[in-house]
Every structure is written in C-alpha cells, then in structure tokens.
Amino acid sequence: MRPWEENIRRVAPYVPGEQPKGTDLVKLNTNENPYPPAPGVREALARMDWEKLRKYPDPSSAVLVQALSEYYQVGEDQVFPGVGSDDVIAMAFMTFFNSKKPVLFPDISYSFYQVWADLFQVPYETPALDGDFRIRKEDYYRENGGIIFPNPNAPTGVLMPLDEIEDIIAHNQESVVIIDEAYIDFGGESALRLVEKYENLLVVQTFSKSRSMAGMRIGYAIGHKDLIKALNDVKYSYNSYTMNAPSLTLGAEAVRDDVYFKETLQKIVDTRERAKERLAALGFSFPDSMANFIFATHKEKKAEEIYLALRENNIFVRYFKKPGLDNYLRISIGTDEEMEKLYSFLKEIL
Ligand code: PMP
C-alpha cells in the first residue's frame, strides 16, 4: 500500500439504477416520471439567456425558494433547496446527525442512508420492518441520534398514515426527525402540516418524480427556520453555489403550473391502480403501493430470471440482489403504452 492510501476515506458507494443508452426501450427502473415537465418549463428554457451563464447563480436560490414558500404556504426562511433530495439529505446528515447515539432508519429502505451514515461516520441501527413490509413505529421510541425514513417507503411503496408519523415525531423531540417524501405526491398525506407543530421535523421532497425533472436535480427541505438556518450554515461552509442558474429558473416555473402537476399525478395514479390488477392477474403479489412504483414478487418464477428476461428485451426494471429483496422487482409506473408492453412480455415468459 502506498503511504497516502492509508488516509483515504473508504466507502462502499451507493449504486444508482442503470441509465441504458438507446431509444427503443421501456425504462421502468429508476422511478422517473414518464411524462415531460410542465409546458411552462419548456417555454422558460427556450427564453433562457445563454449569455447569463457567465455569471454565478444566486447563492440563496431566491426565485426557487420563493416559489416553494408560496406554494407550500411556509416562510421563505423555512425552505432549503439542494441538488436533488440526495444533496439535501446528505447536508442534513452532516448538519443534524452528529450524536454518539445511533441514527435510526428501517432495514429495508432507501439504501443511500447507510452510505451517508458510513461516509459521515455516524453510528446507526436499522430496525426491521414487519412481515408486511410496514415500519413498526414502536421501534423508534428509544434513544437515538436522529431518525430518517421515506414515506411512502422505498422500495416497498408502503405508506405510513400521518397519525403514526406524528407519534414517531412526538416521541422523539430531542432529535431531528427527517421524513423523506420523495414519493408523497402519488397519494400519501404529507407531514408538511406538522412542521408548524414540531420544531424538530424536517420534510424533504424532490422534483425528480412527481415534477418530472430528475435531470435538473432539484430537491428541498421544509422545516423550522432554525433547522433551515443550520442547513444553510453547513451549505455555505461546503459549497455556496449548489444550485445552478437554469435549475433555479426552471424549478420555479415548474411549481407555478399546478394544473399540469395534478393532471400528471392523476394519470400516474390511475395507471398504477390498473397495474395492480394486471400484475395480480399475472401471478404477482406486492405490498399495496402509494408511490410511482410497485414492489412485486412472482408466485412461481424467480425475480432475477424475470429481470434478466425483461432486460434482454429492452424492458428495464430494478432488481436488488440483497437478502430479503432478491425475489422482488421494483417496477416504476410508466405510460399506459409502456405498461402494456411490460404486461404482454410478462405474459409470454410466465
Ligand atoms: N429518497 C428516496 C426514497 C428516493 O427513492 C430517491 C430517488 N433515488 C431520493 C430520495 C433521491 O432523489 P433525488 O436526489 O433525485 O431527489
């Protein structure tokens, strides 16, 4: 080993879903929105002045913060934007999870949490889900250095009702509780309205799924102004210009078109509900999903075999080769046309 190698911070990185090249493929593996961003985003993009790119962006991200604060009816000092919710959550780990007590998150959950905990060298424990993939709220009624979980959970799609979320927050007012609402717009009740009641609650959302803008990398946290101030202090100690100028303009534009937002969500929810019937008819079972994906297992054929057969035919779904998950496929909800291609191919191979 070369001497400097001893000082390298070693981490086992998070592995994002594959982004296959090519056009004639059905991509249901990374929970992207199958519909384009709002029409106003396209127009704003066309109007954008390339010459302005020579300047630094606004480090306070004011246009985007304003648009979000108006939309969610919270103060501008209660919104913290970042480069996707991954960036927001990584900042939140750095800012809030500095205790010697373990951070808690479910054993089956967004696998990035463990990577951040390792990267930032914080201890953690991962309470097991119950047999129906539900988070047991009682597991979170104990000393901890912070709590984070997605609602709906990923990759299961299982939603925790808001009164249970509130129980967890109420039992943990000595640490910061982060609810990762990457998928909340697809049918769940957001914890945003609890932000006024609990100073230790941070709600994180993203433009990547419900707002069709994964490529722009925009996420945000909403919480008490003291939490947001703490996040900003860390951000300005790390990188003042996290958000680039096009993201700020286009993100703010996306928030303005609520009609398009709601119509798109409804289409995805309708397709998801039909998908539940179609997949069940093909012999799949799955926990009931309130997200834009379904976590399904087949009664006869192994998930890995189905995954590989689909892949051969340019249909991409997500497969996690991990104990407890390795007989499941996480299938993102596409357009009806894409889903039909999936069902007819599944029918052939099953
Ligand atoms: N949280 C959860 C639960 C997710 O599934 C994802 C998507 N990988 C993210 C956060 C991060 O999404 P983004 O950085 O695109 O906002």
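Above this text is the structure in question.
Now for a description of the structure that goes with this document. This one's a predicted model, so the numbers in the text were calculated from it and none came from an experiment.

## A closer look at the nonpolar core
- Leu201, Phe207, Leu329 and Leu342 are the most contacted members of the largest nonpolar core, which totals 84 residues.
- When residues of this core are assigned to their parent elements, the largest contribution, 6 residues, is made by helix H8 (residues 258-281).
- The two domains that each donate at least three residues to this core are domain 1 (3-37 + 259-349) and domain 2 (39-257).
- Formed by 28 residues, the second largest nonpolar core is a distinct cluster that contains Met91, Val103, Trp116 and Ala221.

## Section: the site of the ligand
- Lining the immediate surroundings of the ligand are 13 residues, of which Ser85, Asp180, Tyr183, Thr206 and Ser208 lie closest.
- Here Tyr110 contributes a side-chain N or O atom positioned 3.2 Å from a nitrogen atom of the ligand.
- Here Asp180 contributes a side-chain N or O atom positioned 2.6 Å from a nitrogen atom of the ligand.
- In isolation the ligand exposes 410 Å². Once the protein is present, 91% of that is buried.
- Here the ligand occupies the largest pocket.
- The biggest single contributor to the shell around the ligand is helix H3 (residues 84-96), with 3 residues.
- Across the shell around the ligand, the residue classes break down as 5 nonpolar, 4 polar and 4 charged.

## Some thoughts on the pairing of strand E10 (residues 293-298)
- Counting buried residues along E10, 6 of its 6 residues qualify, which places the element largely inside the surrounding structure.
- Neither face of E10 is left uncovered, since the one carrying Phe293, Phe295 and Thr297 and the one carrying Ile294, Ala296 and His298 both have all their residues buried.
- Here 4 bridges tie E10 to strand E12 (residues 329-332), and the two strands are oriented antiparallel to one another. Residue Phe295 lies in a different strand from E12, and its bridge partner there is Arg330.

## Section: the pattern of salt bridges
- Applying the stated criterion to the full structure yields 24 salt bridges.
- Between Lys101 and Glu143 there is a salt bridge; the shortest N-O distance is 3.5 Å. Of this pair, Lys101 sits in the loop between H3 and strand E3 (103-104) while Glu143 sits in the loop between strand E4 (124-125) and strand E5 (146-150), placing them 42 residues apart in sequence.
- Given the relative accessible area of 35%, Lys101 is considered partly exposed.
- With a shortest N-O distance of 3.4 Å, Arg193 and Glu189 are connected by a salt bridge.
- Residue Arg193 is classed as exposed on the basis of its relative accessible area of 56%.
- Classification of Glu189 by relative accessible area gives partly exposed; the value is 43%.

## Quick look at the sheet that holds E12
- Read across the open sheet, the 5 strands follow the order E1-E11-E12-E10-E9; overall the sheet is mixed. For this open sheet the edge positions go to strand E1 (26-28) and strand E9 (284-285), each flanked by a neighbour on one side alone.
- Taken together, the 2 bridges between E9 and E10 define a ladder with antiparallel strand orientation. By the bridge assignment for E10, Phe284 is matched with His298.
- Contacts from helix H9 (residues 303-312) reach E9, E10, strand E11 (315-319) and E12 within the one sheet, and its direction differs from that of E11 by about 150°.

## Digging into the sheet that holds strand E7 (residues 201-206)
- Read from one edge of the open sheet, 7 strands run E2-E8-E7-E6-E5-E3-E4, paired in mixed fashion. In this open sheet, the two edge strands, each paired with only one partner strand, are strand E2 (79-82) and E4.
- Across 4 bridges, the pairing between strand E6 (residues 177-180) and E7 is parallel. Following the sheet pairing, Ile178 is matched in E7 by Leu202.

Rules and cut-offs
Residues numbered from 1 in each chain as written. Predicted model: local features only at pLDDT ≥ 70, side-chain atom pairs only at ≥ 80, totals over all residues. Heavy atoms only, no water. Core = buried A, V, L, I, M, F, W, Y, C linked by side-chain atoms within 4.5 Å. Buried < 20%, exposed > 50% of the residue type's maximum accessible area, 1.4 Å probe, protein only. Helix = DSSP H or I, 4+ residues; strand = E, 2+ residues; numbered from the N terminus. Domains from an automatic or database assignment. Near = heavy atom within 4 Å. Polar contact = N/O pair within 3.5 Å; in protein donor to acceptor, adjacent residues only side chain to side chain. Areas by Shrake-Rupley, 256 points an atom, 1.4 Å probe, with all protein chains shown as cover. 1 Å grid on protein atoms, 1.4 Å probe; cavity = no way out; pocket = protein on both sides within 12 Å on 5 of 7 lines; lining within 4 Å. Sits in = over half its atoms within 2 Å of the grid points. Nonpolar A, V, L, I, M, F, W, Y, C, P; charged D, E, K, R; others polar. Pairing = 2+ DSSP bridges. Salt bridge = Lys/Arg side-chain N within 4 Å of Asp/Glu carboxyl O. Contact = heavy atoms within 4.5 Å. Axes fitted to C-alpha atoms, helices over the stretch in contact; angles between N-to-C directions.

Fair warning: the whole summary comes from geometry, so function is off the table for now.
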